[in-house]
Amino acid sequence: MENLRQIHNRQKRALFFLLALLVLGWGFAPWPKVFAGLILGILFGLYNFWILVRRMEKFDRTLTAGTRAPSLGSGIRFASGVAAAAIAISLPETFDLIATVIGLMIPYGLMLAERIIYHLKHQDPGEKER
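Notes on the structure follow. (Residues numbered from 1 in each chain as written. Predicted model: local features only at pLDDT ≥ 70, side-chain atom pairs only at ≥ 80, totals over all residues. Heavy atoms only, no water.)

## A closer look at the pattern of salt bridges
Alright, step 1. This model, assessed by the stated rule, comprises 2 salt bridges.
Alright, step 2. A salt bridge links R10 to E114; its shortest N-O distance comes to 2.9 Å. With R10 in helix α1 (residues 4–28) and E114 in helix α4 (residues 97–121), this residue pair connects regions lying 104 residues apart in the sequence.
Alright, step 3. As a salt-bridge pair, R115 and E114 come within 3.1 Å of each other at their nearest N and O atoms. No difference in accessibility class separates R115 from E114, as the two residues are buried.
Alright, step 4. When salt bridges that share partners are traced, they join R10, E114 and R115 into one network. (Salt bridge = Lys/Arg side-chain N within 4 Å of Asp/Glu carboxyl O. Helix = DSSP H or I, 4+ residues; strand = E, 2+ residues; numbered from the N terminus. Buried < 20%, exposed > 50% of the residue type's maximum accessible area, 1.4 Å probe, protein only.)

Have a look at this one:
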C-alpha cells in the first residue's frame with residue numbers, strides 16, 4: 001500500500017498538468033473568469049490537501065509514539081476555503097465564485113477517482129466477486 005506522501009505527489013503532478021491546461025483556457029477561451037475561478041479554487045484545494053497530508057503524518061507519528069492525538073486541522077482547511085471564496089467575492093470581475101468552489105473540490109474528487117482506480121487494479125486475486 002502506498003503512503004499518503006506518494007499519493008500527494010502523484011496528485012500534485014496531475015493537478016499541475018490540469019492547472020497548465022486551465023491557464024491556456026484562461027488565456028485563449030472566451031470565459032476567462034471561469035478559468036480564473038477554477039485556477040484559484042484548485043490552488044487553494046491543493047493547499048488544503050497538502051495541509052491534510054502534513055496533519056495525517058503528524059497524527060500517525062503521535063499514535064505510533066503513544067501520545068495524545070492532535071486535531072487534523074479541519075479549521076485551517078475550512079478557513080482556507082473561506083479565503084478562496086472571499087477572494088472570488090471581492091474580485092467578481094476577475095473570478096467566478098461557482099468555478100472557485102468547484103475548483104476547491106477538484107483535488108478531492110481526483111483523489112477519490114485515483115483511489116477507486118488503484119483498488120480496481122490491485123484487487124486481491126483470492127477475493128471473490130460479489
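## Quick notes on α1
Alright, step 1. Helix length check: α1, at 25 residues, gives a terminal C-alpha distance of 36 Å against a target of 36 Å (1.5 Å per residue), a fit within 8%.
Alright, step 2. Where α1 is concerned, the buried positions are I7, H8, Q11, L15, L19, L22 and G25.
Alright, step 3. Each element contacted by the buried residues of α1 is listed here: α2 (32–65) and α4. (Expected span 1.5 Å × (residues − 1). Contact = heavy atoms within 4.5 Å.)

## Structural notes on the packing of α1 against α2
When two helices pack together, you describe them by how their axes are tilted relative to each other and by the distance separating the axes.
Alright, step 1. Between α1 and α2, the shortest axis-to-axis distance is 10 Å and the interhelical angle comes to 170°. Relative to α2, α1 is oriented roughly antiparallel.
Alright, step 2. Considered class by class, the residues forming the contact of α1 with α2 number 20 nonpolar, 3 polar and 3 charged. (Axes fitted to C-alpha atoms, helices over the stretch in contact; angles between N-to-C directions. Parallel < 35°, antiparallel > 145°, perpendicular 65-115°, else oblique. Nonpolar A, V, L, I, M, F, W, Y, C, P; charged D, E, K, R; others polar.)

## Comments concerning the packing of α1 against α4
Alright, step 1. Where α1 meets α4, the closest approach of the two axes is 11 Å, and the angle between their N-to-C directions is 120°. Judged on the interaxial angle alone, α4 and α1 are oblique. As α1 runs across α4, the sense of the crossing is right-handed. Note on element contacts: α4 touches α1 through I106, P107, L110, M111, E114 and R115, opposite I7, R10, Q11, A14, L15 and L18.
Alright, step 2. Class assignment of the residues belonging to the contact of α1 with α4 gives a composition of 8 nonpolar, 1 polar and 3 charged. (Left-handed = near helix turned anticlockwise from the far one by under 90°.)

## Here's the deal with the nonpolar core
Alright, step 1. Residues L15, L19, L22, F35, L38, I39, I42, L46 and A99 constitute the largest nonpolar core, which totals 9 residues.
Alright, step 2. Of all the elements, α2 adds the most residues to this core, at 5 residues.
Alright, step 3. Contacts of A99, omitting those with residues within four sequence positions, involve V34, G37 and L38.
Alright, step 4. F44, A84, F95 and L104 belong to the second-largest nonpolar core, a separate cluster that totals 7 residues. (Core = buried A, V, L, I, M, F, W, Y, C linked by side-chain atoms within 4.5 Å.)

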